[in-house]
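# Reading the structure
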Amino acid sequence: MNSANIKRIAAGICAAAAITAASAGAAGGAGSAHAVDVAQDSRYTVLWLTHAETRQAADMGLVRFLDQPGIIEHTSVIVRADSQFQYLRTTEGGRHIFHGSKQQLVAEAAARPGGRIGIYLNRTQPNRPLGITQYWPTR
């Protein structure tokens with residue numbers, strides 16, 4: 001996949017996340033607007049959805065297109081150690097392989113109290129630049 005196509009996919013994810021954030025804010029009424037939560041370091045830029053946005057993303061299947069042929073091989077996931085899908089990971093040649101769907105990870109985060117997902121751009125993996133990560137508070 002060439003870099004122009006990868007950039008189009010990344011732009012599509014960011015646009016979908018922005019639409020989700022905007023519609024979640026509109027559904028909450030006036031005064032519910034919030035700043036976009038972006039975390040960045042030397043390796044990743046992560047757009048974090050709120051819990052409400054994560055629930056909406058799960059309901060609308062926001063990330064299902066990331067599991068489509070031609071795209072899935074250019075995406076990755078970060079699965080929490082306490083995820084119910086942790087058992088779906090195997091190691092092949094030192095690389096972790098996830099055998100579930102990204103939509104399952106979003107739905108799991110949405111079902112947890114305070115659960116969120118992050119949509120990330122990994123600058124160190126040019127052939128796998130896009131991914132989903134989970135977060136929820138530990139008890």
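Here the structure is a predicted model, which means the values were calculated and not measured.

## So, the pattern of salt bridges
Side chains carrying opposite charge are able to pair once their charged atoms draw close together. Here the structure, examined in full by the defined rule, presents four salt bridges. One salt bridge in this structure joins Asp37 and Arg116, with 2.7 Å as the shortest N-O distance. Of this pair, Asp37 sits in strand 1 (residues 37–40) while Arg116 sits in strand 6 (residues 116–122); the two residues are 79 residues apart in sequence, bridging distant segments of the chain. Among the residues examined, Asp37 registers a relative accessible area of 33% and is labelled partly exposed. Salt-bridge contacts for Glu108 lead to Arg112; the nearest nitrogen and oxygen are separated by 3.3 Å.

## Digging into the confidence of the model for the protein
Scored by pLDDT, the protein has a mean of 80; 73% of the residues are at 70 or more. Helix 3 (residues 102–111) holds the highest mean pLDDT among the elements of the protein, 95, whereas helix 1 (residues 3–28) holds the lowest, 56.

## Looking at the packing of helix 2 (residues 51–60) against helix 3
In the contact formed by helix 2 and helix 3, the axes pass within 8 Å of each other and the chain directions differ by 140 degrees. Overall, the two elements helix 2 and helix 3 adopt an arrangement that is oblique. In the packing of helix 2 onto helix 3, the handedness of the crossing is left-handed. Counting all contacts with helix 2, which are made through His51, Thr54, Arg55, Ala57 and Ala58, the residues of helix 3 involved are Gln103, Val106, Ala107, Ala109 and Ala110.

## Here we look at the nonpolar core
With 14 residues, the main nonpolar core has Leu62, Val63, Val106, Ile117 and Ile132 as its most contacted residues. Listed by contribution, the elements that provide at least two residues to this core are helix 2, helix 3 and strand 6. If sequence neighbours within four positions are ignored, Ile117 has contacts with Leu47, Trp48, Leu49, Thr54, Leu105, Val106, Ala109, Ile132 and Thr133. By size, the runner-up hydrophobic cluster in this structure holds six residues, among which are Val77, Val79, Phe85 and Phe98.

## Some remarks on the environment of Tyr44
Secondary-structure assignment places Tyr44 in strand 2 (residues 44–48). As for Tyr44 and Arg123, which are separated by 79 residues in sequence, their C-alpha atoms are 6.1 Å apart. Here Tyr44 is in contact with Ala39, Ile78, Tyr120, Leu121, Asn122 and Arg123, once residues within four sequence places are set aside.

About the thresholds
- Residues numbered from 1 in each chain as written.
- Predicted model: local features only at pLDDT ≥ 70, side-chain atom pairs only at ≥ 80, totals over all residues.
- Heavy atoms only, no water.
- Salt bridge = Lys/Arg side-chain N within 4 Å of Asp/Glu carboxyl O.
- Helix = DSSP H or I, 4+ residues; strand = E, 2+ residues; numbered from the N terminus.
- Buried < 20%, exposed > 50% of the residue type's maximum accessible area, 1.4 Å probe, protein only.
- pLDDT = per-residue confidence, 0-100.
- Axes fitted to C-alpha atoms, helices over the stretch in contact; angles between N-to-C directions.
- Parallel < 35°, antiparallel > 145°, perpendicular 65-115°, else oblique.
- Left-handed = near helix turned anticlockwise from the far one by under 90°.
- Contact = heavy atoms within 4.5 Å.
- Core = buried A, V, L, I, M, F, W, Y, C linked by side-chain atoms within 4.5 Å.

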